[in-house]
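Descriptive analysis of the structure
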Amino acid sequence: MTYHPKSDFLQIAIERGFLADCTDLQGLDDKLSTGVVPAYIGYDATAQSLHVGHLMNVMLLRWMQKTGHKPITLMGGGTTKVGDPTDKEKSRPILSNEDIAANLEGIKKNFAPFLKFGDGPTDAVMINNDDWLSEIRWIEFLRDYGKHFTINTMIKQETVARRLRNEEPYTFLEFNYMLLQAYDFLELSRRMNCRIQLGGSDQWGNITNGTELCRKLDGVQAFGLTTPLITTASGGKMGKTAEGAVWLNPDMRSPFDYWQFWRNTEDADVGRFLKLFTDVPLDEIAELEALEGAQINEAKKRLADEATTLLHGAEAPAEAR
């Protein structure tokens, strides 16, 4: 990355390894330099907790707030009823309204350790997209918004194309998901002047659908920024263990097991994970990365301590040790 941003947020995002792609890096940098700017990430309620695989984007919202901007956590009470097909080989199971409500309550607790919520200009806010999606009248929605999406473009998205190539079913219900996610961006742009959506790189197509919808309907420039999909040095999926997902809720993954997960990080991943999953300054990380042999275990312990403190509090690492 050769771009040298003037905004603190983008500088940190690039230096610490958060940036995979951006719709307009210069334009976003200019936008972030104008004052307090809202940005959002959406989370569907498919489980009772987020897991470590979600943590990079939660940390990105944290850095948004630490650099003077306003994080929005968009809870997918509405979109969960459809189910995000992105990067999935098969359709998600349909959850009941009761299951979605219970999952939302669990997920809400995951953000409190990382973000400050409140009424201030840079305080985080939590919004549920069911507030507007449940009010949609289908014919009007298709007439007003469906005409801005072409089937030609939609079937080129990798998830759709892969399902079709493999002759796996891709339901009409799932096909609507990308329209709803784009509409979320439009609603947040109109309601909260939010012009930035953050997300994993697998969401690139959905995010750019939203930026285009904002441009076509309201003539505003909206931005998308994605984070890389993280795998371990040995090629494993980040946040997955032999026992399953590394959940953030302590009743699903104890603080001790959480600390142990980070302590078991592969040698080659320690520096990268310190940058992404802790607040440790980069000069300290450089020193920890330089440790060799058995000394690298001290860097792993620092990673485990810092990550566990963020989620479970200052007492948890000592108890885990």
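Quick notes on the rules
- Residues numbered from 1 in each chain as written.
- Predicted model: local features only at pLDDT ≥ 70, side-chain atom pairs only at ≥ 80, totals over all residues.
- Heavy atoms only, no water.
- Helix = DSSP H or I, 4+ residues; strand = E, 2+ residues; numbered from the N terminus.
- Rg over C-alpha atoms; globule rule 2.2 N^0.38 Å.
- Buried < 20%, exposed > 50% of the residue type's maximum accessible area, 1.4 Å probe, protein only.
- Contact = heavy atoms within 4.5 Å.
- Areas by Shrake-Rupley, 256 points an atom, 1.4 Å probe, with all protein chains shown as cover.
- Lys, Arg positive; Asp, Glu negative; His and termini not counted.
- Charge placed at Lys NZ, Arg CZ, Asp CG, Glu CD.
- Salt bridge = Lys/Arg side-chain N within 4 Å of Asp/Glu carboxyl O.
- Expected span 1.5 Å × (residues − 1).
- Polar contact = N/O pair within 3.5 Å; in protein donor to acceptor, adjacent residues only side chain to side chain.
- Pairing = 2+ DSSP bridges.
- Right-handed = clockwise from strand over helix to strand, strands pointing away.
- pLDDT = per-residue confidence, 0-100.

Some remarks on the overall build of the protein
Each helix and strand in the protein was counted, giving 16 helices and 8 strands. In terms of overall dimensions, the protein is globule-like: its C-alpha atoms have a radius of gyration of 20 Å, near the 20 Å expected for 321 residues. Out of the 321 residues in the protein, the part that is buried amounts to 51%. Contacts in the protein between residues far apart in sequence, at least 24 positions, make up 77% of those at least 6 positions apart. Of the accessible surface of the protein, which amounts to about 14,900 Å², a share of 50% is contributed by carbon and sulfur atoms. Each charge class in the protein was averaged separately, 35 positive and 46 negative side chains, and the resulting centres sit 4 Å apart.

Considerations on the pattern of salt bridges
For the structure shown, the criterion picks out 18 salt bridges. Between Glu306 and Arg302 there is a salt bridge, and its shortest N-O distance comes to 2.9 Å. Taken together, the positions of Glu306 and Arg302, both in helix 15 (residues 296–312) and 4 residues apart, correspond to about one turn of that helix. For Glu306, a relative accessible area of 25% corresponds to the partly exposed category. A network of salt bridges, in which partner residues are shared, links Arg62, Lys66 and Asp279.

Focus: helix 3 (residues 52–66)
For helix 3, built from 15 residues, the straight-helix expectation of 21 Å at 1.5 Å per residue is met to within 8% by its first-to-last C-alpha distance of 21 Å. Counting buried positions along helix 3 yields 12 of 15 residues, so the element is predominantly enclosed. For helix 3, every residue scored as buried is listed here: Val52, Leu55, Met56, Asn57, Val58, Met59, Leu60, Leu61, Arg62, Trp63, Met64 and Gln65. Phi turns positive one or two residues past the end of helix 3, at Gly68, with a value near 95 degrees.

Points about helix 1 (residues 8–15)
Of the positions making up helix 1, those classed as buried are Phe9, Leu10, Ile12, Ala13 and Ile14. Those residues of helix 1 that are buried are in contact with helix 2 (25–32), helix 3 and strand 6 (223–227). Phi turns positive, to about 90 degrees, at Gly17, one or two residues after helix 1.

Things to note about the side chain of Lys300
On the secondary structure map, Lys300 appears in helix 15. The class of Lys300 is buried, set by a relative accessible area of 9%. Within the local environment of Lys300, its side chain forms a polar contact with the backbone oxygen of Thr265, the two atoms lying 3.0 Å apart. A polar contact is formed between the side chain of Lys300 and the side chain of Asp267, at a distance of 2.6 Å. Filtering out sequence-adjacent residues up to four positions away, Lys300 remains in contact with Trp262, Arg263, Thr265, Glu266, Asp267 and Val270.

Focus on the pairing of strand 5 (residues 196–200)
With 5 of 5 residues buried, strand 5 is to be regarded as a mostly interior element. By the bridge criterion, 5 bridges tie strand 5 to strand 6 in an arrangement that is parallel. Each bridged residue has a counterpart across the sheet, and for Ile196 the counterpart in strand 6 is Phe223. A crossover links strand 5 with its parallel partner strand 6, the connecting element being helix 11 (residues 204–218), and its sense is right-handed.

Looking at the confidence of the model for the protein
Confidence in the prediction of the protein, expressed as mean pLDDT, is 92, and 97% of residues score 70 or more. By mean pLDDT, the top-scoring element of the protein is strand 6 (98), and the lowest-scoring one is strand 7 (residues 240–241) (72).

Section: the environment of Val220
Along the chain, the position of Val220 falls in the loop between helix 11 and strand 6. Each C-alpha atom, one on Val220 and one on Lys31, is 12 Å from the other, the two residues being 189 residues apart in sequence. In this view, Val220 contacts Ser189, Arg195, Cys214 and Arg215; residues no more than four positions away in its chain are not counted.

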